[in-house]
Each structure stands twice: as C-alpha cells, then as structure tokens.
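# Examining the three-dimensional arrangement
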Amino acid sequence: MGLFADLLAHPGVEEVLELRSRFGFMAYHGGSLEEMTDVIARRAAERSGASYYGVHQPVDLQWHIPSTQVTSADSPALTQFLDHVGIVITVHGFGRQGFFTSLLLGGGNRALAAHVAGHLRSHLPAYDIVTDLDHIPAALRGQHPANPVNLPADKGVQIELPPRVRGSSPLWWDWEGPGLVPHTERLIDALVVAARSWTGPGLRGEALDDPT
C-alpha cells in the first residue's frame, strides 16, 4: 500500500471511473487540489464519448501525490481504466510566474500533443500553447515512464492549465454565469473536438460517437 492508497482511503475523497471509448481523460489531482481540472476533464470526456478517471478531493484537503506515485497497484479502478483506454489526456493545474497565460502540453505522445495544440490555439487565441518540451519546466513535462499519462499503449498528453483558463484567477472575480467562465468553456470545446477528431494510434480502430 502506497501514498495513493492512503489518499483514496481518506474521508471525502471520491474516485470516479466512467468507461466509454478507448480515448481517455484523467484528472487525478481534482477537486480542491488543482481546482476545476476534474470538471474540465470530465465534461470533455462526457461530450466526446471518451472514458474518464478522476480523483476528487474535498474542500478541506489539498494533498498532492506525485504523478509517479499514482499507481494502479493501489487502485482497481485505475487498473480498469488503463486496461481499457489506448491513449489519454491528463488534465492538471499549475501556477508559475511568467506562465499565467501558457498552456503546457507534455506527455509521451508528441503527435497527439501537436493535434490537441492546434485545436487549443484556434479556440483560445489569447493563450500561449506550448508544445516544445525545452520550453516547459522539467517538472511539468510528463516524461517519466511511471507517470500515468505514459501508461496506456500509445501514451498521451499531459496538459498543465494556469488559473486563468480554469476560471480561478482574479480576472473572473465578478463572473456570475450562467455556466463556466468563457475561457473554460472554450477550453472544453477544444478538447472535445480534439478527442473526436483524433484518428491516430490508440483507438484500435474505434471511432468516437457522433456529436450530439
């Protein structure tokens, strides 16, 4: 039993598994830790017909487990998810000086990173969409082989989102809705289109459902 098992056993922590297509979205730092990452990943998965795995922390907990310690050995649900999907997008949140309008696309599948980046640029033209690993801080590149983004057969993309695009910055202090802030809605739209239009490896010949 590792740290991830301890987190999953903590009162109020919710582990969510929704199996649909072999394209997957993950947000295992969700809930109150990296705010809105679970909402973004889950809505993108629902709308694109993709699968979803998330760990949602309650409001009184912000426990960061390093990605390399988020292991299927501690979670039958994560094992199911990784056995089911062939390719994945993991959604994370970060905040660093100089990167407040930057979306960082790491992970081991660089073809998928380029594909997702194209849709992000068209939907979020005010943001810098970074795919060059040399321009991404080393700790945010998602290159470790034990990182869950690299465990499916064709690996995946780790997206690091700054607070502004998640609706968590002072820019949105007076937003009253309806719905999510506009930048977050456009982000989800981009991820949905990217997932639906991906025809590369990872789906094993499977086509995602038609849009609804």
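The rules behind each value
Residues numbered from 1 in each chain as written. Predicted model: local features only at pLDDT ≥ 70, side-chain atom pairs only at ≥ 80, totals over all residues. Heavy atoms only, no water. Helix = DSSP H or I, 4+ residues; strand = E, 2+ residues; numbered from the N terminus. Rg over C-alpha atoms; globule rule 2.2 N^0.38 Å. Buried < 20%, exposed > 50% of the residue type's maximum accessible area, 1.4 Å probe, protein only. Contact = heavy atoms within 4.5 Å. Expected span 1.5 Å × (residues − 1). Polar contact = N/O pair within 3.5 Å; in protein donor to acceptor, adjacent residues only side chain to side chain. Pairing = 2+ DSSP bridges. Axes fitted to C-alpha atoms, helices over the stretch in contact; angles between N-to-C directions. Right-handed = clockwise from strand over helix to strand, strands pointing away. Phe/Tyr/Trp six-rings, centres within 6.5 Å; stacked < 30°, edge-to-face > 60°. Core = buried A, V, L, I, M, F, W, Y, C linked by side-chain atoms within 4.5 Å. Salt bridge = Lys/Arg side-chain N within 4 Å of Asp/Glu carboxyl O.

### Description of the overall build of the protein chain
When its secondary structure is counted, the protein chain shows six helices and seven strands. Taken from the N to the C terminus, the helices and strands of the protein chain come in the order α-β-β-α-β-α-β-β-α-β-β-α-α. A compact globule built from 212 residues would reach a C-alpha radius of gyration of about 17 Å, and the protein chain, at 16 Å, matches this within 12%. With the C-alpha coordinates aligned to their principal axes, the bounding extent of the protein chain is approximately 45 × 40 × 40 Å. Looking at the protein chain as a whole, 52% of its 212 residues are labelled buried.

### As for the environment of Leu8
Relative to the helices and strands, Leu8 resides in helix 1 (residues 3-9). A C-alpha to C-alpha distance of 9.2 Å links Leu8 and Gln57, two positions 49 residues apart in sequence. Those residues in contact with Leu8 that sit more than four places away from it in its chain are Val13, Glu15, Tyr53, Val55, Asp74 and Ser75.

### Observations regarding helix 4 (residues 110-123)
Helix length check: helix 4, at 14 residues, gives a terminal C-alpha distance of 20 Å against a target of 20 Å (1.5 Å per residue), a fit within 8%. Here helix 4 has its buried residues at Leu112, Ala113, His115, Val116, Ala117, His119 and Leu120. Elements in contact with the buried residues of helix 4: strand 2 (23-31), strand 4 (87-93), strand 5 (102-106), strand 6 (128-130), strand 7 (156-161) and helix 6 (182-197). At the N-terminal boundary of helix 4, the capping side chain belongs to Asn109, with an oxygen 3.3 Å from the backbone nitrogen of Ala111.

### Some points on the sheet that holds strand 6
Taken in spatial order, the seven strands line up as 1-3-2-4-7-5-6 in an open sheet, and their pairing is mixed. If you trace the sheet from one side to the other, it starts and ends with strand 1 (14-18) and strand 6, each paired once. Strand-to-strand twist in this sheet, taken as the mean axis angle between neighbours without regard to direction, amounts to 15 degrees. When strand 2 meets strand 3 (residues 51-57), the two strands line up parallel, connected through six bridges. From the neighbouring strand, Met26 faces strand 3, where its bridge partner is Tyr53. Its contacts with the sheet place helix 3 (residues 76-84) against strand 1, strand 2, strand 3 and strand 4, and it is angled at close to 155 degrees to strand 3. Contacts from helix 4 reach strand 2, strand 4, strand 5, strand 6 and strand 7 within the one sheet, and its direction differs from that of strand 5 by about 160 degrees.

### What about the pairing of strand 5?
Counted residue by residue, strand 5 has five buried out of five residues, so it is predominantly covered. In the sheet, strand 5 pairs with strand 6 via three bridges, with the strands oriented parallel. Bridging across to strand 6, Leu104 finds its partner in Val130. The handedness of the strand 5 to strand 6 crossover, carried by helix 4, is right-handed.

### Examining the packing of aromatic side chains
Evaluated as defined, the whole model comprises three aromatic pairs. On the numbers, 5.7 Å between centres and 40 degrees between planes, the contact of Phe23 with Phe25 is tilted. Accessibility classification places Phe23 together with Phe25 in one group, the buried group. Ring geometry for Tyr53 against Phe81: centres 6.0 Å apart, planes inclined by 40 degrees, an arrangement best described as tilted. Remark: Phe81 occurs in helix 3 and Tyr53 occurs in strand 3; sequence separation between them is 28 residues. What makes Tyr53 buried here is its relative accessible area of 0%. Residue Phe81 is classed as buried on the basis of its relative accessible area of 0%.

### Things to note about the nonpolar core
Residues Phe25, Leu103, Leu105 and Leu120 are the most contacted members of the largest nonpolar core, which totals 36 residues. Taken together, the elements giving at least two residues each to this core come down to strand 2, helix 2 (37-48), strand 4, strand 5, helix 4, strand 7 and helix 6. The element best represented in this core is helix 6, accounting for seven residues.

### A closer look at the pattern of salt bridges
Once the charged atoms of two side chains with opposite charge are near each other, the side chains can pair. This structure, assessed with the given rule, holds three salt bridges. With a shortest N-O distance of 3.4 Å, Glu18 and Arg20 are connected by a salt bridge.

By themselves, these figures tell us nothing about what the structure is for.
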